[in-house]
Every structure is written in C-alpha cells, then in structure tokens.
Amino acid sequence: MRPRSILVIGYGNDLRGDDAAGRCAAARVAAWELPAVRVLSLHQLTPELADPLVAADRAIFLDAHPAGDDPAVRVRPITAVPRTNRFGHSSDPRTLLAFTKTAFGHSPEAWWITIPAADFALGAPLSRFTERGIADALAAIRPLLDLSVPDTQVAIDGMRSNRRDTGCPTR
Amino acid sequence: MAQRIVIDPVTRIEGHAKITIHLDDEGQVTDAKFHVTEFRGFERFCEGRPFYEMPGITARVCGICPVSHLLASAKAGDQILAVSIPPAAEKLRRLMNLGQILQSHALSFFHLSAPDFLLGFDSDPATRNIFGLVAAEPELARAGIRLRQFGQEIIAHLGGQKIHPAWAVPGGVRSALSQESHAQIRARIPEARATILDTLGRFKRMLPSLEKEAHIFGNFPSLFMGLVGPDGAWEHYDGHLRFVDSAGNVIADRLEGRRYQEFIGEAVESHSYLKSPFYRPLGYPDGMYRVGPLARLNVCSHIGTPLADQELRAFRDRANGTATSSFRYHHARLVEILATVEKIERALDDPDLMSNRLRADAGINQLEGVGVSEAPRGTLFHHYLVDEYGLIRKVNLIIATGQNNLAMNRTVAQIARHYIRGPHIPEGMLNRVEAGIRAYDPCLSCSTHAAGAIPLQVTLVASDGSVLDEVRRS
C-alpha cells in the first residue's frame, strides 16, 4: 500500500567530512519538495524523534558508514529492535524505532540507508568518493519514496555536488 | 584491607566522569571524589580568533547547552562593541533562553533522573533508564518527550535549528520571529503547561517517600549565587548577581557580572579537569557556593508569574525556607519549567517581539567584554580580552557545572558515607552515589576548559600497594 506520509531523517556530524553524507542526502531529498515527504537533518538521533516518527507511515534513515566496512551504499529494511538502552552520539535507528514502539504502541516501516564514507577528518569537505555514494543513495531512495521523481532529477542532483546551494561542504 | 571503589563511568549524566570512594580497613568511607575525565580546552584554542566568531565556536562546546554559550558569548561581544542591543533583540534572546531552560530541564528530569524516582533507586540497572521509563510509564514519558521537543522547537523557530543555532551575534540577533512561528509556539503552550503541572503534582506526591534521599543527597550549608532582577525577581538573561547563605541571608548583592573576578576565584585540583570556583571573601574551599535551579530559587524573592510563584511557595514550604539539599534541584527544575512556560506565553503577547530592528552595528570600542547569563545549570560567564582588531587575546569561561564542583564532591562523600559499608556494596547504593551527581544535572562537556595538571588514569592500589577491587559500570 502506498504510504500516506514519509519521514526522511538524515543525521551525522557536518563538521567531520564524510560524516555529513546522511545530512547532505537528506538536503537533496528536501530540495525535491515532494508532497507528503517530511525531511529532517540532524546531528544525532534523539528520543524526541519518536513523536514525528509515530505520525509517519514510512521512515527512511540516512547516515554514513566507514567505507572500509563496505564500499557500497547499504539499503536495509529495519525493525524496532533495541540495540542498546541508551541514546548517545552513535545513533542506531533500530533503537529509536523500538523506543517509539514502546512509547506510542507502534512504529513505521523503516529503511536504513548508509553511504560509504572515506574521510572523517574535522573540517573536511565531502570526498568525491562519498559524493558518488550520495548519488547512489538518492537513486536507491526513489522507490522507497514511492513517488515519480524523474531520473533526470537525480542526475541533476549528482551534477550539483560541487555547487554551494546543496548546503553540503564540497572540495 | 583498605579498598578503593571506582564508579566509571558515571551514568545518565552529560559528559564523562568517574567517582572514587576510599574505604578504611573497617570498610568505612574515608573519602570520595568526583573526577571529570574529559578536557575540552576552548579557553586556549580560541586565542587568535575574531571575537565575532566566538558565539558560533563556543556554541559547539556542547550539544545540550549551545544556546547558553551563544547568548553569553554574544553578550560579551555586545560589550566589546559597546552597544545597547535593540529591545526586540533582547526579547528574542530571552525567548530563546527560556526555550533552552525548558528543554534542558525536561531532558534532565524525564530522561536522566525520573528512572530513579519512578522505577526505584534499587531497580534493575538494565531497565533503569529512559527505555525502562517509557515501558513503565508511557504516558509520562510521551509527555516528557513532547515537553522537551517544545523547548527545542522554540530554539529552532528562532535560530533555524535545534542544536548550534548560529543566531545570536554581537550587537543583536540575525533574524526575526515569523508570524507562523509565533502562532506555532503559542499553540503548544496549553499542552506544555498541563504536562508540567501534572508532573509537579506527581513529584510532590512522591516527595514524602523521597525524604531520606532529600536529607542525605548533598544536604549541607553553602552559599548560593544567581542573577536576579532589579526587584529581586527570578532572572535568566540579565540583572545583577546575588549571593545568599543557607539561612536565606543576602551576603552580597547588586554585583556586576563584568566584575566577577573581584568576588569569584578559581582553584584547580589535581584529581579533575573541572575547575573549582569559590566566593573570594571566604577563601578556598570555605567559599563553596552552588548555582543552578536550586540557587536561583533560593536567591530570588519571587518569579513573577502566578502559577510558578505558587509553586515557589510550595517549594520553600517543603524545604522549610532556603533549600539546602541538592536533591531539591529536581523540584526546583520543575518549578523553573513552569516559570519558563508562563514567561514564554507572556513574551508572545509583546508586540516588540515581531520587530525587524534586531541589530546594533559598531566597531571595536572596548578591548574587554564579559557576558553573563543563566544557563539551565547555573550562571555562565564568558570573558574575552581582544586586541584592537577584535582578535581574542585571552578567554576565561566560568561554567555553571564548574561552580558546583566543590558541592558535587561534598555530595558524593556525604552519600557514600551514609550508604556504603564495605566489603559488599549493593548496586543500588552505588546508583545513589551517581544520583547525587545527577541532581546537579552537570554538563561536563561544557565545563572542562582549563589546562589540567595531570592526565587522568585509573589505578587501583591498596594501602599496602597491592591491587584493589574495582566496581565498573557499562
């Protein structure tokens, strides 16, 4: 069934190079200005997100992962199973989903998209490697948004990677 | 054999710390210390930066308290420019600070401390946290989430984002409050007021069962310091400083924040990166004083809003006058949340709030500025010395949590002496020691900027030199 509302949450530290990948990807989704899609760009996942999550039919989490673990974009459906009993700087959306389910009785269906990140240095701009990963993530997110965003739109976003108006630091 | 017990890390606080408790051969507590094990160093690496960058830089000291640093830093910058900021800018800064106090206090109570009150100090540590709370008390937990969110949204409406908003600047603020934001904030007030009134009611009903903790958790005489208004009213953004003693006597009043060095000294101890400010006339360590919600309610004559003033009277009745137990920080926090909700509502009625006259422009007109405001945890000082180009020559930060350092250490020792009898130490007793620290709601990321004398390293050594037992928490 087509979701009526979708929440996209991009999170990470935008002062630490490629750790901003999730937030950059979220910014580009926001720029599509899609109806029924709400986009949040945050430093980390916190309990307060349970409130907007419970109002969504579908949630998509965007983050970075060390490229050494896996050089490709990961797209995983996730469920509300707590991985820890705390919220800290290291955020796991499954924990947040579990918290939401406990607090409100249910949580949305959810996907976790992580983008390979090469450089986490303080103050570094996004690496070209991660920029390509963001483009791949945007292509992967289209069917999850279940909306007809033209392929050309995604290509244009890939070409925008060096422009300042994306809101993401670039080389 | 003498023992040293180590609690590392202290849980459900902001930042990193440990506690060491020393036992004699009979298992009695001889000493206890609170060690802050992180070092941030902003006082040093900010040297050479333009003063107008300082709000943005110091806001990144902490993800919970950025607004507090933003405002104190902007106020220091106002003095360097030698300007009076436009009235609307001050009112907007005040609105943001109210949102900041509200969200921070909500975090402290609902996320960090309520698990102890509602689940029990001796409950299973695996569930004695926000997850356990939401499972046991989902309605309260949901209300707490939305209350904190309300405070964060005020910050976001004004500054564009909830964390590290680059909005308050020397001379004023960057942007106005939109009509849409004004309406959205106003719409949330009834729910926020209902939540805090309900929570206050619940907490007051719990208090009789928590009187033992109230008697033991940091219950000792000390001075208290905070900002007050010209008529002695509760203040959070401006005003003058006042010290009172445990009997409620005003020891010093109408103190100007920019002259803080005349009455506040700073000591450094070898066991912690946290400085120890003290009241100079009484010397160190006799000049111990406390800041934050407990202190603000002790130093003010009234709050100035009807419901909060009513709760202030109830708070003082419960404490039999000046509150000397640090456990009562929790109650004070709830009273302050109510005060912020009422003051936010009142602020929204002021037409000045919607003005576009938001910034005073000037050059470098003074080479020194001291910004003082009340952060959720207590009085915050940003002191900058600049050169003729406005580049920082020297920075001194006096952080709320640091001002509570002496009191926190004394609290840890008091609780440990009461509850711990070696050799077997139940987990719930150790949790009470931690809870003593949590009462202050310390922000350790904010408060560790001085150059420490030693690197901190845990070693367990008995009085005869052998390795001691150690208690750790995950």
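Residues numbered from 1 in each chain as written. Chains lettered and ligands numbered in written order. Predicted model: local features only at pLDDT ≥ 70, side-chain atom pairs only at ≥ 80, totals over all residues.

Considering the environment of Ile134(A)
Looking at the secondary structure, you find Ile134(A) in helix α4 (residues 128–145). Each residue touching Ile134(A), except ones within four places of it in the same chain, is listed here: Ala21(A), Cys24(A), Ala25(A) and Ile115(A). (Helix = DSSP H or I, 4+ residues; strand = E, 2+ residues; numbered from the N terminus. Contact = placed C-beta atoms within 7 Å.)

Re the interface of chain A and chain B
Across the boundary between the two partners, chain A contributes 12 residues, which contact 17 residues of chain B. Listing elements by their share of the side of chain A that touches chain B, those giving two or more residues are α2 (50–54) and α3 (93–104) of chain A. Ranked by residues supplied to the side of chain A that touches chain B, first place goes to α3(A) with 4 residues. The class makeup of the residues in the side of chain A that touches chain B is 6 nonpolar, 3 polar and 3 charged. (Nonpolar A, V, L, I, M, F, W, Y, C, P; charged D, E, K, R; others polar.)

Overview of the confidence of the model for chain B
Residues and elements named next belong to chain B. When pLDDT is averaged along chain B, the result is 87, and 88% of the positions lie at 70 or above. Between residues 448–462, whose pLDDT stays under 50, and residues either more than four places distant or in other chains, the model counts 34 contacts. Predicted as a complex, the structure gets a pTM of 0.87 and an ipTM equal to 0.75. (pLDDT = per-residue confidence, 0-100.)

Observations concerning the packing of helix α4 (residues 87–119) of chain B against helix α11 (residues 329–348) of chain B
Residue and element names in this part refer to chain B. The interhelical angle for the contact between α4 and α11, taken along N-to-C directions, is 145°, at an axis separation of 9 Å. Read as a crossing pair, α4 and α11 show a hand that is left-handed. Contacts between α4 and α11 pair Lys91, Arg94, Leu95, Leu98, Ile101, Leu102, His105, Ala106, Ser108, Phe109 and Ser113 from the former with His330, Arg333, Leu334, Glu336, Ile337, Thr340, Val341, Lys343, Ile344 and Ala347 from the latter. Here the residues of the contact of α4 with α11 sort into 11 nonpolar, 5 polar and 5 charged. (Axes fitted to C-alpha atoms, helices over the stretch in contact; angles between N-to-C directions. Left-handed = near helix turned anticlockwise from the far one by under 90°.)

Observations concerning the packing of helix α1 (residues 21–31) of chain A against α4(A)
Residue and element names in this part refer to chain A. Viewed as axis vectors pointing N to C, α1 and α4 meet at an angle of 50°, and their least axial separation amounts to 10 Å. With respect to each other, α1 and α4 are oriented oblique. Of the two elements, α1 crosses α4, and the hand of that crossing is right-handed. Where α1 approaches α4, its residues Ala21, Cys24, Ala25, Arg28 and Val29 are matched on the opposing element by Thr130, Gly133, Ile134, Ala137, Leu138 and Ile141. When the residues that make up the contact of α1 with α4 are grouped by side-chain class, the tally is 8 nonpolar, 2 polar and 1 charged. (Parallel < 35°, antiparallel > 145°, perpendicular 65-115°, else oblique.)

Observations concerning helix α10 (residues 306–319) of chain B
Counting along an α-helix, one turn takes 3.6 residues, and residues three or four places apart therefore face a common direction. All names here are of chain B. The terminal C-alpha atoms of α10, which comprises 14 residues, lie 20 Å apart, in line with the 20 Å expected from a rise of 1.5 Å per residue. Considered for burial, the residues of α10 that qualify are Ala308, Glu311, Leu312 and Phe315. Looking straight down α10, one finds that the buried residues subtend no more than 110° of arc, so they occupy a single side. Facing away from the buried side of α10 by over 90 degrees, the exposed positions are Pro306, Arg313 and Asp317. Considering only its buried residues, α10 is in contact with α7 (179–206), α9 (293–299) and α11. Just downstream of α10, Asn320 is the residue with a positive phi angle, here 55°. (Expected span 1.5 Å × (residues − 1). Buried ≥ 20, exposed ≤ 12 C-beta atoms within 10 Å, placed from the backbone. Arc of directions from axis to C-beta.)

Section: the environment of Asp19(A)
Residue and element names in this part refer to chain A. Looking at where Asp19 falls in the secondary structure, it is placed in the loop between β1 (6–11) and α1. Classification of Asp19 by C-beta neighbours within 10 Å gives buried; the count is 23. For the pair Asp19 and Ala124, spaced 105 residues apart in sequence, the C-alpha separation works out to 9.7 Å.

Here we look at the environment of Pro87(B)
Residue and element names in this part refer to chain B. Here Pro87 shows up in helix α4. Pro87 gets classed as partly exposed once you count the C-beta atoms within 10 Å, which come to 14. With 272 residues separating them along the chain, Pro87 and Arg359 place their C-alpha atoms 9.6 Å apart.

A look at the sheet that holds β1(A)
Residue and element names in this part refer to chain A. Sheet architecture is open: 5 strands sit in the order β2-β1-β3-β5-β4, paired in mixed fashion. Each having just a single partner strand, β2 (37–42) and β4 (74–78) make up the two edges of the open sheet. Across the sheet, the mean angle from the axis of one strand to that of its neighbour is 20°, orientation sign disregarded. Pairing geometry for β1 and β2, over 6 bridges, is parallel. Along β2, the bridge assignment pairs Gly10 with Ser41. Packed onto the sheet, α1 meets β1, β2, β3 (58–66) and β5 (109–117) and runs at close to 145° relative to β1. (Pairing = 2+ DSSP bridges.)

Let's talk about the pairing of strand β10 (residues 276–279) of chain B
Residues and elements named next belong to chain B. A two-sided burial pattern is seen for β10, the buried positions comprising Ser276 and Phe278 on one face and Pro277 and Tyr279 on the other. Bridge count for strand β9 (residues 264–267) against β10 is 4 bridges, and the pairing is antiparallel. Bridging across to β10, Gly265 finds its partner in Phe278.

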